[in-house]
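Chain and residue survey
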Amino acid sequence: MLCLFFSDVHITLQPDIAFGGARVLIRQIRNKIIDAILLRTHRNDVARRQLKPRFGELPPEMWGLDVDSAGELCVAGWSVRELAEEHGSPLYIVDEERLKQNYHDFRAAFTKHYPKIDIGYSYKTNPLPGAIKILHDAGASAEVISEFELWLACELGVPPDRIIFNGPGKTVSSLEKAVSLGVKLINVDSVDEIERINALAAQQNRVQAVALRVVTSQGWSAQFGIPIAGGLALDAFRKMKEASHLDPCGLHMHLGTGLKDPDTYFKAVQDMLDLGVELAESLGIRIRHYDLGGGFGVPTVKPFEGWDTRLLQSGRPAQLIDPAAAPDISVYAKGIAKLFAQYVDTADPDCPEIVLEPGRAVSSSAQMLAVRVLTVKEDESRRLAIVDGGKNICIPLGYEYHEILPANKMREPQVQPYDVFGPLCHPNDLLVQGKMFPRLEAGDTLAVMDAGAYFVPNQRNFSNPRPAAVIVSRGKSRVTRKPERFEHIVALDADFSPDALS
């Protein structure tokens, strides 16, 4: 047997031994290759026909922003350009009122359809203490995945019974701290953790509530959780039930990030509910907390798809954002509540709690990153704008499309496409390719939208200090994070001192 691979096409040849010979084999290979080419061409044609049209630049109203009479982008009445001039560029800008409204809207969507809801904000999404504190003051719990985040939640005054501890790689010291605090839930990610948590709880003579992160028929698996399939999750619960200092009372899942398909959630939730029934019947375990994770997509960000990658590789711009592609969160809430109603009595005060761990859905659109144009290069084939913040502070632009608005030229016509690069000496320091802008020049301010999800946790001081952050509301602005100074970058280097450098 001879196997040939052509990209996504797999060809298997079985020479006809009865008639044998090289000519037969060559003819087989030729025909198979022709068939493969035709099949791939057909697939490409189908994909092209299914491509959505390019949409225009999203209006600032999508983020609750205004444009003043001078054509300047304003957030909560503050000029983005003026904020960047006052506090330095690059600059993170948090819209306090929008952040609070996003949280309340998310929570209300679920409480409208189900009586017991807990919202644990995902610290890993945007670990900016000032922004997180706003959410806690609004009522959010904390969802953490590391000892640092657990420490931060405690420093921000979050009660232990409002903290959920997740993550595939929990250290012994982090588990020891979580158990000593008596956090609401530790979501077990591997069988090894069961014995470890039980031993720590025994040392402190307490019973720790635990859930199990399961792999459903949908979404991420890889290094995460324990599969429901094959009875592996059931076996893990059996071990937790036998552990004298554990209270196995929850199921947890997390399907991905930026997802925009409600059916994905509904199928995964049904997998969890079916497992809950099996746990009750076979082990007598009652699930009190169904933790559905986060990962809900937003209408103003679009993950790059296969065609976007091909377009970018050919020097063309990616497909723009279609806001209608992201269902409203109420669609998820109503569908999930409907599923739960098939399994539990929602009128019972003792019905299980639904826990949600949103990050992007709450904070993404409430934060932007202001950057300044340093220089513009033009030739016959392309126009480049180099700005003062690149992949060192906006990693997500490498895998998803974010709107970038010309903050000080909002009323000027978009006349030509630009490739916008950051300041790093790295060929891949590209923010956006072939995007239409007004004519740009040094000193212009650009606003990178939806910087409230995975910008701050992924930032690094690659040859440059990390930026400041301000929180704004109507009539009020305050610095929530000072800009990093050069000395901060090398503060922990033992060999850095005036004497060592002299």
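My aim in this report is to walk through the structure given alongside it, one point at a time. Just so it is clear, the structure is predicted and the values come from calculations on it, not from any experiment.

**A word on the overall build of the chain**
What the chain contains, in helices and strands, is 14 helices and 25 strands. Of all 502 residues assigned to the chain, the portion counted as buried reaches 49%. Sequence-distant contacts, at least 24 apart, represent 69% of the contacts inside the chain between residues at least 6 apart. Of the accessible surface of the chain, which amounts to about 23,500 Å², a share of 52% is contributed by carbon and sulfur atoms.

**What about the packing of helix α5 (residues 147–155) against helix α6 (residues 172–181)?**
Where α5 contacts α6, the two axes come as close as 9 Å, and the packing angle between them is 30°. Considering their axes alone, α5 and α6 lie roughly parallel with respect to each other. The handedness of the crossing between α5 and α6 comes out as left-handed. Across from E147, L150, W151 and C154 in α5, the residues of α6 making contact are S173, S174, K177, A178 and L181. Within the contact of α5 with α6, the residues separate by chemical class into five nonpolar, two polar and two charged.

**Some points on the pattern of salt bridges**
Pairs may arise between side chains of opposite charge once their charged atoms sit close together. This model, assessed by the stated rule, comprises 25 salt bridges. Close ionic contact of D118 with K184 constitutes a salt bridge, the shortest N to O distance being 2.8 Å. Taken together, the residues D118 in strand β7 (residues 117–122) and K184 in the loop between α6 and β10 (185–188) connect sequence positions 66 residues apart. Like D118, the residue K184 is buried in the burial classification. The residue D137 makes a salt bridge to K133 at a minimum N-O spacing of 3.2 Å. Of this pair, D137 and K133 both sit in helix α4 (residues 129–138), four residues apart, which is roughly one turn of the helix. For D137, a relative accessible area of 60% gives the class exposed. Residue class for K133 comes out partly exposed when judged on its relative accessible area of 42%. Beyond isolated ion pairs, a larger network of salt bridges with shared partners links E72, R81, E82 and E85.

**Some thoughts on the packing of aromatic side chains**
Within a pair of aromatic rings, the relevant descriptors are the distance that separates the centres and the angle that separates the planes. What the rule picks out here adds up to ten aromatic pairs. Measuring from centroid to centroid gives 5.3 Å for F106 and F110, while their planes differ by 40°, and the two rings are tilted. Of the two residues, F106 and F110 are both situated in helix α3 (residues 96–111); the distance of four residues between them amounts to about one turn of the helix. In this structure F110 comes out as buried when scored by relative accessible area, which is 2%. Counting every residue linked through ring pairs, the aromatic cluster contains F106, F110, Y265, F296 and Y332. We note R310 situated over the ring of W307; from NZ or CZ to the ring centre the distance is 5.0 Å. One cation-aromatic arrangement involves K435 over F437; the distance from NZ or CZ to the ring centre is 5.4 Å.

**Topic: the packing of α3 against α4**
In the contact formed by α3 and α4, the axes pass within 10 Å of each other and the chain directions differ by 45°. As summarised for this structure, α3 and α4 are arranged oblique, according to the angle between their axes. Of the two elements, α3 crosses α4, and the hand of that crossing is right-handed. Judged by residue contacts, E96, L99, K100, Y103 and H104 of α3 engage A131, I134, L135 and A138 from α4. Taken together, the residues of the contact of α3 with α4 break down into six nonpolar, one polar and two charged.

**Side note on the environment of A108**
With respect to the helices and strands, A108 occurs in helix α3. Look at A108 and you get partly exposed, because its relative accessible area is 41%. For the pair formed by A108 and S330, sequence separation is 222 residues and the distance between their alpha carbons is 8.8 Å.

**Overview of the nonpolar core**
Of all hydrophobic cores here, the largest spans 125 residues; its most connected members are I93, F110, L292 and F340. With nine residues, helix α9 (residues 262–283) is the largest single contributor of residues to this core. Contact partners of L292, with chain neighbours within four places excluded, come to M253, Y265, V269, M272, I336, F340, I354, V355 and L356.

**Overview of helix α7 (residues 191–203)**
All of the buried residues along α7 are E193, I194, I197, N198, L200 and A201. Seen along its axis, α7 keeps its buried residues to an arc of 165°; they face one direction. Of the residues in α7, the exposed ones pointing more than 90 degrees away from the buried face are D192, E195 and Q203. Those residues of α7 that are buried are in contact with α6, β10, β11 (208–215), α8 (232–242) and β13 (246–252). Just past α7, the residue N205 takes up positive phi, approximately 50°.

**Side note on the sheet that holds strand β5 (residues 78–79)**
If you trace the three strands from one edge of the open sheet to the other, you get β3-β4-β5, paired in antiparallel fashion. At either margin of the open sheet sits one strand with a lone partner, and together these are β3 (66–67) and β5. The pairing of β3 with strand β4 (residues 73–75) spans two bridges and is classified as antiparallel. Note on β4: the bridge partner recorded for V67 is L73.

**Points about the side chain of D444**
For D444, the position within the fold is in the loop between β22 (430–437) and β23 (445–448). Side-chain polar atoms of D444 contact the side chain of K409, separated by 2.9 Å. Not counting chain neighbours up to four residues away, the residues in contact with D444 comprise V371, R372, V373, N408, K409 and R439.

Definitions and limits used
Residues numbered from 1 in each chain as written. Predicted model: local features only at pLDDT ≥ 70, side-chain atom pairs only at ≥ 80, totals over all residues. Heavy atoms only, no water. Helix = DSSP H or I, 4+ residues; strand = E, 2+ residues; numbered from the N terminus. Buried < 20%, exposed > 50% of the residue type's maximum accessible area, 1.4 Å probe, protein only. Contact = heavy atoms within 4.5 Å. Areas by Shrake-Rupley, 256 points an atom, 1.4 Å probe, with all protein chains shown as cover. Axes fitted to C-alpha atoms, helices over the stretch in contact; angles between N-to-C directions. Parallel < 35°, antiparallel > 145°, perpendicular 65-115°, else oblique. Left-handed = near helix turned anticlockwise from the far one by under 90°. Nonpolar A, V, L, I, M, F, W, Y, C, P; charged D, E, K, R; others polar. Salt bridge = Lys/Arg side-chain N within 4 Å of Asp/Glu carboxyl O. Phe/Tyr/Trp six-rings, centres within 6.5 Å; stacked < 30°, edge-to-face > 60°. Lys NZ or Arg CZ within 6 Å of the ring centre and 35° of its normal. Core = buried A, V, L, I, M, F, W, Y, C linked by side-chain atoms within 4.5 Å. Arc of directions from axis to C-beta. Pairing = 2+ DSSP bridges. Polar contact = N/O pair within 3.5 Å; in protein donor to acceptor, adjacent residues only side chain to side chain.

Purely geometric numbers; function is a separate question.
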